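Tertiary structure, described
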Amino acid sequence: MPLDRIDIAILETLQKDGRIPNAALAEKVGLSQSACSRRLDNLEKSGTIRGYHARLSNAALGHQMTAIVHISLSGQFEKTLSDFEAAIKRCPNVLSCHLMSGEYDYILRIAAKDLVDYERIHKEWLSAMPHVTKINSSFALREIVDRTAVGMKPEMA
C-alpha cells in the first residue's frame, strides 16, 4: 500500500511518541479523529505498523554487555536454517538475529550481564544450537546509535 504524506506524518509522529492519544495525533496531522483512527487501522492491518511497545534499557535491567555474534552453519539447506532459527528464537538473551549474505550465515545481537554471563549463554545456548560450526563473538565498547525510527519521504506520484 503506497503511503501518502498524511500516512507518513502519522508514522513519524508515532515513532517519536507511540503513546500519543488519537485526538492529539489527529490534530497534529490535520485529520478528524475518526479519519485518523481509520488511517491507523489501515496501517496496522497492512502490516506497516507491526505493534506498539516500551523500549527498555538493557543496562538498567542489569544487562551491561552487548555481544555481536557471527554464526556459521554446516550448510544453508532449508532444514538447517529452519532448525537453527527455531532454536535461536528460544534464547531469551538474543535481541536480534539476521540471516546474512557473505562470510557468516547469521549475525546476532545478545544482551549479557557481564563476561561470565556471556560465557554461560555461549555454553548453554549458542554452542548447543543445531548445525553451528563456527561462533565469532565481539563485544560492544559503547553504543553510538540505536534507532527504532527511520526517516520517511512520500512516494513521488
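Computed from a prediction, not measured in an experiment: that's the story for all the values here.

Describing the packing of helix α2 (residues 22–29) against helix α3 (residues 33–45)
For the pair α2 and α3, the least separation of the axes is 9 Å and the interaxial angle reads 95°. Comparing the axis directions of α2 and α3 gives the class roughly perpendicular. Residue-level contacts link Asn22, Ala23, Leu25 and Ala26 of α2 to Gln33, Cys36, Ser37 and Leu40 of α3. For the contact of α2 with α3, the class distribution of residues is five nonpolar, three polar and no charged.

Remarks on the pattern of salt bridges
All chains considered together, the criterion is met by seven salt bridges. When the shortest N-O distance is used, the salt bridge between Asp146 and Arg55 registers 2.6 Å. Highlighted residues: Asp146 in the segment after β4 (132–139) and Arg55 in the loop between α3 and β1 (65–73), separated in sequence by 91 residues. Assessed through its relative accessible area of 34%, Asp146 is described here as partly exposed. Classification of Arg55 by relative accessible area gives partly exposed; the value is 47%. Note that Glu124 and Arg120 form a salt bridge whose closest N and O atoms lie 3.5 Å from each other. Placement of the pair is Glu124 and Arg120 together in helix α5 (residues 115–124), with a separation of four residues, close to one helical turn. Put simply, Asp4, Asp7 and Arg39 are held in one network by salt bridges that share partners.

What to know about the sheet that holds strand β2 (residues 94–99)
Strand order in the open sheet formed by four strands is β2-β3-β1-β4, with antiparallel pairing between adjacent strands. Every interior strand has two partners, whereas the edge strands, β2 and β4, have only one. Put simply, the sheet's adjacent strands are angled 20° from each other on average, direction ignored. Of the strand pairs in this sheet, β1 and strand β3 (residues 106–112) are connected by seven bridges, and their pairing is antiparallel. Residue pairing in the sheet places Val69 in a bridge with Leu108 of β3. Sheet strands in contact with helix α4 (residues 78–88) are β1, β2, β3 and β4, and its direction is about 170° off that of β2. Running over the sheet, α5 touches β1, β3 and β4 and is turned about 135° from β3.

Some thoughts on the environment of Ser72
Along the chain, the position of Ser72 falls in strand β1. Between the alpha carbons of Ser72 and His131 there is a distance of 8.4 Å; along the sequence they are 59 residues apart. Residues in contact with Ser72, not counting those within four places in the same chain, are Glu103, Tyr104, Asp105, His131, Val132, Thr133 and Lys134.

Rules used in this analysis
Residues numbered from 1 in each chain as written. Predicted model: local features only at pLDDT ≥ 70, side-chain atom pairs only at ≥ 80, totals over all residues. Heavy atoms only, no water. Axes fitted to C-alpha atoms, helices over the stretch in contact; angles between N-to-C directions. Helix = DSSP H or I, 4+ residues; strand = E, 2+ residues; numbered from the N terminus. Parallel < 35°, antiparallel > 145°, perpendicular 65-115°, else oblique. Contact = heavy atoms within 4.5 Å. Nonpolar A, V, L, I, M, F, W, Y, C, P; charged D, E, K, R; others polar. Salt bridge = Lys/Arg side-chain N within 4 Å of Asp/Glu carboxyl O. Buried < 20%, exposed > 50% of the residue type's maximum accessible area, 1.4 Å probe, protein only. Pairing = 2+ DSSP bridges.

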